[in-house]
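Examining the three-dimensional arrangement
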Amino acid sequence: MIELRSTLAGRIALTVFSALILLFLALPIVVIVVTSFGKDAFGSFPPDSWTLGWYQQLFADGSKWPAALSLSALVAALTTVFSLILGMTAATALVRSELPLRTAVYGLVLAPLVIPQVVIALGLFLLFEPAAMLGSPIAIALGHTVLAAPIAVMILMATLKGIDERLEDAAASMGAGRLTVARRITFPLAMPGLVAAAIFSFITSFDEFFISQFLSSVDTVTVPVQMFNVLQYDVDPSVTAVSALVIAVAVVALALVGVVRRLGGGRDNQGALPTDPAIP
């Protein structure tokens, strides 16, 4: 009985402690969302009155936010395409082939995730500046791909490990070529992982600041850079509205990942994030 009470008390304490940690982590997000509906021009919390004026101000005549939002969406879409192409290619090579020094190659692929982003941004600036590509959406998207592609590789490697290679071998033994096997067998089975990789790549690009700051120009400014420029010289309450929209995009994207994982749950672990080392 004492042991049971001790176990029950421990579970209750763990639940309360976990809830407090989650509340502490979510509290800044809640403050931003609530403040975005406040009428106070200084963004006080809690608001004395409520309004949608800051959201209307985002799309008012002369506002720079629509251009920043459209550019961020375009760059994120391009980054998603580039990341899926590179991610699927690298994941296939690391999982399906006998690549020499696979562990070293895998570490090189994941290197951008551990290198400070400002260092990567400086290197990309020195790369694109002589080519007069600063401010180009293609250049910004390529820069974001450096950070988004490793995430796509991890997700797609976990997905490919969950696909039975005998299905591909059976299709090949019946005369199907490599492209046919990929189009009819591999890609359909890997679709949950592809969708998850695409969503995470989109989020990574949409929220990226350092690379966008180094590669942007006066006419091409993404949402994070525009937020930094506005807050650098003044406190604009419309920033809270933009922040709430960015949070909404991230929440919707993560919800889609959850839906994709649930729908793909009946087929092994496709679409799941890697929980064990991808390279033995």
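Residues numbered from 1 in each chain as written. Predicted model: local features only at pLDDT ≥ 70, side-chain atom pairs only at ≥ 80, totals over all residues. Heavy atoms only, no water.

Once that is clear, we can look at helix α8 (residues 178-189). Given a rise of 1.5 Å per residue, twelve residues ought to cover 16 Å, and the 15 Å separating the end C-alpha atoms of α8 matches this to within 8%. Each element contacted by the buried residues of α8 is listed here: α3 (65-96), α6 (137-161), α7 (165-173) and α9 (191-206). (Helix = DSSP H or I, 4+ residues; strand = E, 2+ residues; numbered from the N terminus. Expected span 1.5 Å × (residues − 1). Contact = heavy atoms within 4.5 Å.)

This part covers the environment of P112. With respect to the helices and strands, the residue P112 is situated in the loop between α4 (102-110) and α5 (117-128). Ignoring anything within four residues of it in the chain, the contact list for P112 reads I120, V146, L147 and P150.

On to the side chain of T79. With respect to the element layout, T79 can be found in helix α3. Judged by relative accessible area, which is 0%, T79 ranks as buried. Only 3.3 Å separates the side chain of T79 from the side chain of S205, close enough to count as a polar contact. Those residues in contact with T79, other than ones at most four positions away along the chain, are A141, H144, T145, A148, S201 and S205. (Buried < 20%, exposed > 50% of the residue type's maximum accessible area, 1.4 Å probe, protein only. Polar contact = N/O pair within 3.5 Å; in protein donor to acceptor, adjacent residues only side chain to side chain.)

Inspection of the entire model under this criterion finds five aromatic pairs. Ring plane angle 65 degrees and centroid distance 5.4 Å describe the contact between F209 and F210, whose orientation is recorded as edge-to-face. We classify F210 as partly exposed; its relative accessible area is 37%. Looking at F209, the relative accessible area reads 21%, which means it is partly exposed. Three or more aromatic residues link up through ring pairs in this structure, and these residues are F209, F210 and F228. (Phe/Tyr/Trp six-rings, centres within 6.5 Å; stacked < 30°, edge-to-face > 60°.)

Below, the discussion takes up the confidence of the model for the chain. Mean pLDDT over the chain stands at 83; residues scoring 70 or higher make up 90%. Scored below 50 in pLDDT, residues 1-5 makes zero contacts in the model with residues more than four places away or belonging to other chains. Segment residues 266-280 is flagged for pLDDT under 50; beyond a separation of four residues in sequence, or across chains, it makes 40 contacts in the model. (pLDDT = per-residue confidence, 0-100.)

What follows deals with the packing of α3 against α6. What describes two packed helices is the angle between their axes and the distance between those same axes. At their nearest, the axes of α3 and α6 sit 5 Å apart, and the two run at 40 degrees to each other. The orientation of α3 with respect to α6, classified from their angle, is oblique. As α3 packs across α6, the resulting crossing turns out to be right-handed. The residue inventory of the contact of α3 with α6, partitioned by class, reads 24 nonpolar, six polar and two charged. (Axes fitted to C-alpha atoms, helices over the stretch in contact; angles between N-to-C directions. Parallel < 35°, antiparallel > 145°, perpendicular 65-115°, else oblique. Left-handed = near helix turned anticlockwise from the far one by under 90°. Nonpolar A, V, L, I, M, F, W, Y, C, P; charged D, E, K, R; others polar.)

Its 16 residues place the ends of α9 22 Å apart at the C-alpha level, agreeing with the 22 Å of an ideal helix rising 1.5 Å per residue. Within the sequence span of α9, burial applies to P192, G193, L194, A196, A197, A198, I199, S201, I203, S205 and F206. The inward-facing, buried residues of α9 contact α3, α6, α8, α11 (223-233) and α12 (238-263).

With that out of the way, let us pick up the packing of α11 against α12. Axis separation between α11 and α12 bottoms out at 11 Å; the angle between their running directions is 155 degrees. Relative to α12, the element α11 is oriented roughly antiparallel. As for the relative orientation of α11 and α12, their crossing is left-handed in sense. Contacts between α11 and α12 involve V223, M227, V230 and L231 from the former and V239, V242, S243 and V246 from the latter. Classifying every residue of the contact of α11 with α12 by side-chain character gives seven nonpolar, one polar and no charged.

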